[in-house]
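Structural description and commentary
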Amino acid sequence: VCLCFVFLVGFSLPLTAVEPRTISQRAANNNRDSDSSSSSSKKGGGEWYWYRDATECWLPVQRVIDPDAPAAAADGTITVTTKLGELFTCPLEELTLATPSSLLPVANMVDLEELSEGAILHNLRMRYEKDEIYTYISSILVSVNPFKMLPIYTPDVMEAYKEGQDNTLAPHVYALADATYHSLTVDRRDQAVVISGESGAGKTEATKLVLQYLAEMSGQGSDVEQQLLEANPIIEAFGNAKTVRNNNSSRFGKWIEIIFSAEFHIVGASITNYLLEKSRIVHQGEGERN
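Cut-offs and rules
Residues numbered from 1 in each chain as written. Predicted model: local features only at pLDDT ≥ 70, side-chain atom pairs only at ≥ 80, totals over all residues. Heavy atoms only, no water. Axes fitted to C-alpha atoms, helices over the stretch in contact; angles between N-to-C directions. Helix = DSSP H or I, 4+ residues; strand = E, 2+ residues; numbered from the N terminus. Parallel < 35°, antiparallel > 145°, perpendicular 65-115°, else oblique. Left-handed = near helix turned anticlockwise from the far one by under 90°. Contact = heavy atoms within 4.5 Å. Nonpolar A, V, L, I, M, F, W, Y, C, P; charged D, E, K, R; others polar. Core = buried A, V, L, I, M, F, W, Y, C linked by side-chain atoms within 4.5 Å. Buried < 20%, exposed > 50% of the residue type's maximum accessible area, 1.4 Å probe, protein only. Salt bridge = Lys/Arg side-chain N within 4 Å of Asp/Glu carboxyl O. Expected span 1.5 Å × (residues − 1). Pairing = 2+ DSSP bridges.

1. A closer look at the packing of helix α4 (residues 173-187) against helix α5 (residues 203-218)
α5 packs onto α4 with a crossing angle of 50° between their chain directions and a minimal axis gap of 9 Å. When the axis of α4 is compared with that of α5, the two are oblique. Pair α4 / α5 crosses with right-handed handedness. Listed contacts from α5 to V173, Y174, A177, D178 and Y181 of α4 are A206, L209, V210, Q212, Y213, L214, M217 and S218. Grouping the amino acids of the contact of α4 with α5 by side-chain chemistry returns ten nonpolar, two polar and one charged.

Structure below.
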């Protein structure tokens, strides 16, 4: 039996254009015209909405209900507030209605009552702010690059995820690797792991972590496990390059095939590169390496 990795090279995609003003800028502009704090005591909270912000992408805002004012101004604008208490007005047509229960963080996003771009990104942001960089979408694992070292890859952490010993453990790349290895040994069928994402998302590091876990689970069958792990830096030396978004960006895709024995020890492996970004051979972008 074998386990295959499909490692997809990442390319940056343009973000959806938004008005280049942040919530703070909007609040500052509105405060020039009126002092919202003087009348805030008469106002209550209304519906929650998703607001498209220039820097935070999607933010939850709550409608401010003023009993002495109409539901919406004559120009179609309403007053909303952020969780930080920033007040500003914006056209109602720019807002998308949000489900209040979707404002709370969840470890598995299938538990979200509302499945929208705003709810998904807000959930990932809340978890990321607490250094919880992994989140499930059923059997899919979403990983957000923390751009710093976290103490979540120690031998003790790896041991905790072995054999799916505790279903209450937080989402982790080790849990995904363990589920893959478990399916391999129980079903005795080839398995595949697809690791994809844009440049700088952490695909190379995620691949290394899965390989380390599989090498640990396969036991002391041979030294092939160590050879496989040591081969990665050599391949990176030939195919990686510095970009404006990533100092160690893989400029190619990888197909990694790991061969297991009948006792489920790693006995061989092959790594095939494809989709090499050949344009870097003849051209070097500003601030990048080829």
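2. Some points on the nonpolar core
Formed by 26 residues in total, the largest nonpolar core has its most connected members in Y134, V173, Y174, Y181, Y213, I258 and F260. Those elements that place two or more of their residues in this core are β7 (134-137), α3 (155-161), α4, α5, α6 (224-239) and β12 (253-260). Core analysis: the second largest hydrophobic core is formed by ten residues, A98, V106, L112 and A119 among them.

3. Looking at the pattern of salt bridges
Overall, the coordinates contain seven salt bridges when judged by the stated rule. E132 serves as the salt-bridge partner of K130, at 4.0 Å between the closest nitrogen and oxygen. The network of salt bridges with common partners includes R127, K130 and E132.

4. Topic: α4
Between its first and last C-alpha, α4 extends 21 Å over 15 residues, near the 21 Å set by a 1.5 Å rise per residue. Buried within α4 we find V173, Y174, A175, A177, D178, T180, Y181 and L184. With its phi angle positive at about 50°, R188 sits one or two positions after the end of α4.

5. Overview of the pairing of strand β13 (residues 266-274)
In terms of strand pairing, β12 meets β13 through eight bridges, oriented antiparallel. Looking at the pairing, E257 lines up with S270 of β13. The turn linking β12 back onto β13 is made up of five residues, and F264 within it adopts a positive phi angle of 65°.

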